[in-house]
Amino acid sequence: MEKQYKRNTLRHWYLGEYEWQGGKVLLAYGQFYNRPGFYEGMNGHTSIVQTVKINHEEKEFEIQTMNNLYHCSFDSCFFERQDDSPYKLPEYETIFGLSSYWNVYRYIFDKWR
């Protein structure tokens, strides 16, 4: 059975800077699911990120751009890229309780074993 994703879901995602018009802007990179105009699993980036909020109940970050709200689950974050990003997610270490992406991988693996 195919997994059903919320509208505008990003998987294997991270936040990164992009140089644009002489400055730096924040974009979310990842694989798009249930996003009109994109095929399932298409790699890409969002438009400029406006806000990043945490939804603890859904265990996801909600990333708002000018036109869309993206759902980015904690467990689908591309930790290696996120750790290398100059942008630090709110409560990143608190949510996962770890500072290294390798430790986060181990944490998730042990949790779901």
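Analysis parameters
- Residues numbered from 1 in each chain as written.
- Predicted model: local features only at pLDDT ≥ 70, side-chain atom pairs only at ≥ 80, totals over all residues.
- Heavy atoms only, no water.
- Core = buried A, V, L, I, M, F, W, Y, C linked by side-chain atoms within 4.5 Å.
- Buried < 20%, exposed > 50% of the residue type's maximum accessible area, 1.4 Å probe, protein only.
- Helix = DSSP H or I, 4+ residues; strand = E, 2+ residues; numbered from the N terminus.
- Contact = heavy atoms within 4.5 Å.
- Pairing = 2+ DSSP bridges.

K.L.:
Can you lay out the nonpolar core for me, pointing to particular residues and giving the numbers?
P.N.:
Counting 18 residues, the largest nonpolar core has Trp 13, Leu 15, Phe 61 and Ile 63 as the members making the most contacts within it. Of all the secondary structure elements, the ones that give two or more residues to this core are strand E1 (9-20), strand E2 (23-33), strand E4 (49-55), strand E5 (60-65), strand E6 (69-73) and helix H2 (92-96). Not counting residues up to four positions away in its chain, the partners in contact with Leu 15 are Leu 26, Leu 27, Ala 28, Val 49, Val 52, Ile 63, Gln 82, Ser 85, Tyr 87 and Leu 89.

K.L.:
Provide a residue-level description of the pairing of E6, including the pertinent values.
P.N.:
Along a regular strand, successive side chains alternate from one face of the sheet to the other. Burial within E6 is extensive, with 4 of its 5 residues counted as buried. Bridge count between E5 and E6: 5 bridges; the pairing is antiparallel. Looking across to E6, one finds that Phe 61 is bridged to Cys 72. Taken together, E5 and the strand that follows it, E6, pair antiparallel across an intervening segment of 3 residues.

K.L.:
An account of unusual backbone geometry is needed here, citing residue identities and associated values.
P.N.:
If you check the backbone angles, Asn 8 has positive phi at about 55° while not being a glycine. Here Asn 8 falls in the buried class, since its relative accessible area comes to 4%. In this structure, Asn 34 takes a positive phi of about 50° despite not being glycine. Along the chain, Asn 34 turns up in the loop between E2 and strand E3 (42-45).

Coordinates in, geometry out; function isn't part of it.
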